[in-house]
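Structural description and commentary
Listed here are the chains, written in short residue letters.
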Amino acid sequence: MASIELRGISKRFDAVVAVNRLSIDLREGELVALLGPSGCGKTTTLRMIAGFETPNEGEIFFGDTEVSTLPPERRNAGMVFQNYALFPHLSVFENVAYGLKMRKVAKAEIERRVSEILSKMQLSELRDRRPRQLSGGQQQRTALARALVINPAALLLDEPLANLDAKLREEMRFFIRSLQQEFGITTVYVTHDQSEALVLADRIAVMMGGVLQQLSAPEDIYRRPRTAQVADFIGLTNLIPGTVTERSGETLQVDTPVGLLLAKGVDGLRAGDPGLVSIRPEYLYFDETAAHLNAKGLMDSLNRVHGVIQERSYLGNLIDYRVEIAGRQTLRVQSGPEHRYGVGDDVTLTFSGDDAWVVSEEGGTP
Ligand code: ATP
């Protein structure tokens, strides 16, 4: 087990800057998810950590050892690829044993370690099968077993659940998380699926265009995004443009097309600055439930806007509304099935200033 430190690493492919001066410090045993849209440089970053690519600048450390230019086999990282990359002509046992054989581990010891990990992965019964005789989930577990059996210094996962169906993907999230915690292994997990990152990670590194936008715990990324792009990428949000008119401690007053709003916001915003008020659909309440905010002591910074229901979609566990406010702004509201508003109904929406979050348009530094 080791900490992993990326110090200002960059990778260029001709004119493309795939990763731009990226710095991330992973504590021992921590799981950091690299999250971002397609092409933002996640896989390139993981490949540099694994040793399949060399950074053009910057350094990579495993613990106190600089590994930036070491070949993959000298870094002792366990890697799981999106397509699993199992050897098709080898059995499950032989696939998992491969790394130990390469390291010239004694035969009896290989048998013991492979049997132990196969049992943990519930693969003992399948040890003689070839990969093509396995389901996607079983191939996935074999790839994980192969990565873990070598007692790696770090576990590197590249979209490991992308090829599984939705239900299995959800199960495997919990399986990977409990395995990672049991082994206490420092892990970098690449995904473009935000819910996967929110569930699995100790911290999430959001990347865009090769640049780190924010590195924070899942709840901070969701509730306190640093830029409008991060707010928009993680989950659904409403972004209301405006100008900060007052700052009092942590509370901002923002003049917007739907009226004066109270909110919290990123550091450094002051009166006169333009900003976007981000408010998540699940934090907007129909009028009757303002009592709910009162009970939570959130009435001090209550925002109230009036609007008309424009669209309504039934999603089973909730209803998704689009509400037009004063003909100027459409807000998305998600609420439990207890409200039964129809298109054209006049409604009042309330939300707490604690749940509204102002970001500046150009974004800040991570
Ligand atoms: P995805 O989620 O689609 O896998 P990603 O975030 O992992 O995307 P990367 O695969 O790291 O993104 O790619 C980052 C950028 O670098 C992209 O613009 C990509 O086209 C480019 N790139 C990656 N590998 C190479 C290469 N070997 N040669 C040239 N350009 C490359």
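Because the structure is predicted, anything quoted here is derived from the model rather than measured. (Residues numbered from 1 in each chain as written. Predicted model: local features only at pLDDT ≥ 70, side-chain atom pairs only at ≥ 80, totals over all residues. Heavy atoms only, no water.)

**Quick look at the sheet that holds strand β5 (residues 65–66)**
Rules: Two strands pair if DSSP finds at least two bridges between them. The way it works is that DSSP assigns letters per residue, a run of H or I at least four long becomes a helix, a run of E at least two long becomes a strand, and they are numbered from the N terminus. Contact definition: two residues touch when any of their heavy atoms are within 4.5 Å. Lines fitted to C-alpha atoms define the axes, with helix axes restricted to the stretch in contact, and inter-axis angles between N-to-C directions lie between 0 and 180 degrees.
If you walk across this open sheet you meet the 4 strands as β2-β1-β4-β5, and the pairing is antiparallel. Looking at the sheet topology across the chains shown, the edges are occupied by β2 (16–26) and β5. With 5 bridges connecting them, strand β1 (residues 4–13) and strand β4 (residues 57–62) associate as antiparallel partners. Counterpart to Arg7 in the pairing with β4 is Glu59. Its contacts with the sheet place helix α1 (residues 42–50) against β1, β2 and β4, and it is angled at close to 120 degrees to β1.

**Here we look at the packing of aromatic side chains**
Selection criterion: To pair, rings of Phe, Tyr and Trp, with the six-membered ring standing in for Trp, must have centres within 6.5 Å; the planes then decide the type, stacked if under 30 degrees apart, edge-to-face if over 60, and tilted in the middle. With a 1.4 Å probe rolled over the protein chains alone, any residue whose accessible area is under 20% of its type maximum counts as buried; one over 50% counts as exposed, and the rest are partly exposed. When the NZ atom of lysine or the CZ atom of arginine is within 6 Å of a ring's centre and also within 35 degrees of its normal, the charge is said to sit over that ring.
What the rule picks out here adds up to 5 aromatic pairs. The interplanar angle of 45 degrees and the centroid separation of 6.1 Å between the aromatic rings of Phe52 and Phe81 together place this pair among those described as tilted. Of this pair, Phe52 sits in the loop between α1 and β4 while Phe81 sits in the loop between β6 (77–80) and α2 (92–102), and the two are 29 residues apart along the sequence. Among the residues examined, Phe81 registers a relative accessible area of 23% and is labelled partly exposed. Relative to Tyr98, the ring of Phe87 has its centre 4.6 Å away and its plane inclined at 50 degrees; by these criteria the two rings are tilted. Remark: Tyr98 occurs in helix α2 and Phe87 occurs in the loop between β6 and α2; sequence separation between them is 11 residues. Residue class for Phe87 comes out partly exposed when judged on its relative accessible area of 25%. A residue is classified by how much of its surface remains accessible, and Tyr98, at 33% relative accessible area, is partly exposed. The structure contains a cluster of three or more aromatic residues connected by ring pairs, namely Phe286, Tyr321 and Tyr341. The side chain of Arg146 reaches across the aromatic face of Phe87, ending 5.3 Å from its centre. Lying over the aromatic face of Tyr222, Arg280 brings its terminal NZ or CZ to 4.0 Å of the ring centre.

**Some remarks on the layout of surface pockets**
Our working definition: Here the term cavity refers to a set of points on a 1 Å grid, laid over the protein atoms alone, in which a 1.4 Å probe fits but cannot get out; the term pocket refers to an open set having protein on both sides within 12 Å along at least five of seven lines, with lining residues being those that place an atom within 4 Å of a point. Grid points are joined across faces, edges and corners, and a volume is the space filled by probe spheres set on the points. Put simply, Ala, Val, Leu, Ile, Met, Phe, Trp, Tyr, Cys and Pro go in the nonpolar bin, Asp, Glu, Lys and Arg in the charged bin, and everything else, Gly too, in the polar bin.
There is about 520 Å³ of room inside the largest pocket. The wall of the largest pocket is formed by 19 residues, among which Phe52, Ala77, Met79, Arg103 and Ile150 lie closest to the centre. Elements that contribute at least two residues to the lining of the largest pocket include exactly β6, α2 and α4 (136–148). Considering only residue class, the lining of the largest pocket consists of 13 nonpolar, 3 polar and 3 charged.

**Observations regarding the packing of α2 against helix α3 (residues 107–120)**
Quick reminder of the rule: Here roughly perpendicular refers to angles of 65 to 115 degrees, roughly parallel to angles under 35, roughly antiparallel to angles over 145, and oblique to all remaining angles. The crossing is said to be left-handed when, going from far helix to near helix, the turn is anticlockwise and less than a right angle, and right-handed when the turn is clockwise.
Where α2 contacts α3, the two axes come as close as 10 Å, and the packing angle between them is 130 degrees. One way to sum up the angle between α2 and α3 is to call them oblique. Note on packing geometry: the crossing formed by α2 with α3 is right-handed. Residues Val92, Phe93, Val96, Ala97, Leu100 and Lys101 of α2 lie in contact with α3, whose contacting residues are Ile110, Glu111, Arg113, Val114, Ser115, Ile117 and Leu118. Residues of the contact of α2 with α3, tallied by class, amount to 9 nonpolar, 1 polar and 3 charged.

**As for the sheet that holds strand β18 (residues 329–335)**
Read from one edge of the open sheet, 5 strands run β15-β19-β16-β17-β18, paired in antiparallel fashion. The sheet terminates laterally at β15 (285–286) and β18, the two strands that pair on one side only. Examined bridge by bridge, strand β16 (residues 302–314) and strand β17 (residues 319–325) share 7 bridges and lie antiparallel to one another. Bridging from a neighbouring strand, Glu311 pairs with Arg322 of β17.

**Brief notes about the site of the ligand**
The criterion, for reference: Nearness here has a simple test: a residue counts as near a molecule or strand if at least one of its heavy atoms is within 4 Å of that partner. Definition of a polar contact: a pair of N or O atoms within 3.5 Å, with one able to donate and the other able to accept a hydrogen when the atoms are protein atoms, and with sequence-neighbouring residues admitted only if both atoms are side-chain atoms. The Shrake-Rupley method, run with a 1.4 Å probe sphere, supplies the accessible areas, and residue values consider only the shown protein chains as cover.
Near the ligand the following residues occur: Phe13, Val16, Ala18, Pro37, Ser38, Gly39, Cys40, Gly41, Lys42, Thr43, Thr44 and Glu159. Taking Lys42, its side chain carries an N or O atom lying 2.9 Å from an oxygen atom of the ligand. Between the ligand and Thr44 there is a distance of 2.5 Å, counted from an oxygen atom to a side-chain nitrogen or oxygen. Relative to its unbound accessible area of 630 Å², the ligand is 58% covered by the protein chains. Of all elements in the fold, only β2 and α1 reach the threshold of two or more residues within the shell around the ligand. When the residues that make up the shell around the ligand are grouped by side-chain class, the tally is 5 nonpolar, 5 polar and 2 charged.

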